[in-house]
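Spelled out from the first residue to the last, the chains are:
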Amino acid sequence: PHTSTFTSAVIACANGREWGSVLGLLAEMIASQVGPDTTTYNAAITSCAHGGEWRESLGFLVTMVTSSLPLTAWTYNAAISACDKAGEW
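Quick summary incoming for the structure in this document. Treat the numbers as computed from the prediction; the structure is a model and nothing was measured.

## Thoughts on the overall build of the protein chain
Part 1 of the argument: Along its length, the protein chain carries five helices and zero strands.
Part 2 of the argument: At 12 Å, the protein chain has a C-alpha radius of gyration in line with the 12 Å of a compact globule built from 89 residues.
Part 3 of the argument: For the protein chain, the spread of C-alpha atoms along the three principal axes comes to 35 × 30 × 20 Å.
Part 4 of the argument: Out of the 89 residues belonging to the protein chain, those deemed buried represent 36%.
Part 5 of the argument: Long-range pairs, those at least 24 residues apart, make up 59% of the contacts in the protein chain with a sequence separation of at least 6.
Part 6 of the argument: For the protein chain, the accessible area works out to roughly 4900 Å², and carbon and sulfur atoms hold 56% of it.

Written as structure tokens, this is what we have:
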């Protein structure tokens with residue numbers, strides 16, 4: 001599988017608010033040596049935000065920075081939303 005294949009699955013799980021499945025898919029991507037891209041992480045951050053998993057959301061943000069992936073307005077908004085929903089300001 002390619003990044004786009006995994007990303008499509010991550011987005012589908014994120015839209016279904018299945019953050020646990022998103023985490024599993026990301027782990028599978030890494031184990032398969034398929035690198036997540038900005039879109040993959042944005043979907044993961046959003047999914048975790050909906051699930052109240054603000055720490056996971058911020059962890060993905062940090063991973064994006066350390067991996068030199070571009071951060072977008074979506075990335076920041078999703079991370080802020082995750083903290084907001086959890087009351088972590």
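## Description of the side chain of Thr-46
Part 1 of the argument: Inspection of the secondary structure assignment puts Thr-46 in helix α3 (residues 38-50).
Part 2 of the argument: Side chain to side chain, Thr-46 and Trp-74 meet in a polar contact 3.0 Å long.
Part 3 of the argument: Apart from the residues within four sequence positions on either side, Thr-46 is in contact with Trp-74 and Ala-78.

## What to know about a nonpolar patch on the surface
Part 1 of the argument: Together, Tyr-76, Ile-80 and Trp-89 give the surface a local cluster of nonpolar side chains, amounting to about 400 Å² of exposed area.
Part 2 of the argument: As for its placement among the helices and strands, Trp-89 is situated in the segment after α5 (73-86).
Part 3 of the argument: For Trp-89, a relative accessible area of 71% gives the class exposed.

## Remarks on the nonpolar core
In summary, soluble globular proteins display a tendency toward joint burial of nonpolar side chains.
Part 1 of the argument: Within the largest apolar cluster, 19 residues are counted, with the highest numbers of intra-cluster contacts made by Val-22, Leu-26, Ile-45 and Phe-60.
Part 2 of the argument: Among the secondary structure elements, those contributing two or more residues to this core are α1 (3-15), α2 (19-31), α3, α4 (54-66) and α5.
Part 3 of the argument: Looking at this core, the element that brings in the most residues is α3, giving five residues.
Part 4 of the argument: Once residues lying within four places of it in the same chain are set aside, the contact partners of Val-22 are Val-10, Cys-13, Ala-14, Ala-44 and Ser-47.

## Regarding α1
Part 1 of the argument: Across its 13 residues, α1 extends 18 Å between first and last C-alpha, which sits within 8% of the 18 Å expected from 1.5 Å per residue.
Part 2 of the argument: Among all positions of α1, only Phe-6, Thr-7, Val-10, Cys-13 and Ala-14 are buried. Down the axis of α1, the sector holding all buried residues measures 125 degrees, keeping them to one side.
Part 3 of the argument: Against α2 and α3 lie the buried residues of α1.
Part 4 of the argument: Looking one or two places after α1, you find Arg-17, whose phi comes out positive at around 60 degrees.

What counts and how
- Sequence order sets the numbering: in each chain, residues are counted from 1 along the sequence as written.
- Confidence filtering applies because this is a predicted model: local features only for residues at pLDDT of at least 70, side-chain atom pairs given and counted only at 80 or more, and all residues used for totals across whole chains, interfaces and linings.
- Working from all heavy atoms in the structure, the side-chain values ignore hydrogens and water.
- Only DSSP runs of H or I with at least four residues qualify as helices, and only runs of E with at least two residues qualify as strands; both kinds are numbered from the N terminus onward.
- It is over C-alpha atoms that the radius of gyration is taken, and the globule rule equals 2.2 Å times the number of residues to the power 0.38.
- Categorising residues by exposure relies on relative accessible area from a 1.4 Å probe, with only protein chains included: less than 20% of the type maximum marks a residue as buried, more than 50% marks it as exposed, and the intermediate range marks it as partly exposed.
- Pairs of residues are marked as contacts when any of their non-hydrogen atoms sit within 4.5 Å.
- Using the Shrake-Rupley algorithm and a 1.4 Å probe, accessible areas are obtained, with residue cover drawn only from the displayed protein chains.
- Contacts described as polar in this section are N or O atom pairs within 3.5 Å, which, within protein, must combine one atom able to donate a hydrogen with one able to accept it, while residues neighboring in sequence count only if both atoms come from side chains.
- A patch is a set of surface residues, each over 30% in relative accessible area and not in a salt bridge, joined within 9 Å for like charges and within 5 Å for the nonpolar side chains Val, Leu, Ile, Met, Phe, Trp and Tyr.
- By convention in these notes, a salt bridge is any Lys or Arg side-chain nitrogen within 4 Å of a carboxyl oxygen on Asp or Glu.
- Note on terminology: a nonpolar core comprises buried Ala, Val, Leu, Ile, Met, Phe, Trp, Tyr and Cys residues joined through side-chain atoms within 4.5 Å.
- In a helix, the anticipated span is given by 1.5 Å times the number of residues less one.
- Throughout, the arc means the angular range of directions from the helix axis out to the C-beta atoms.

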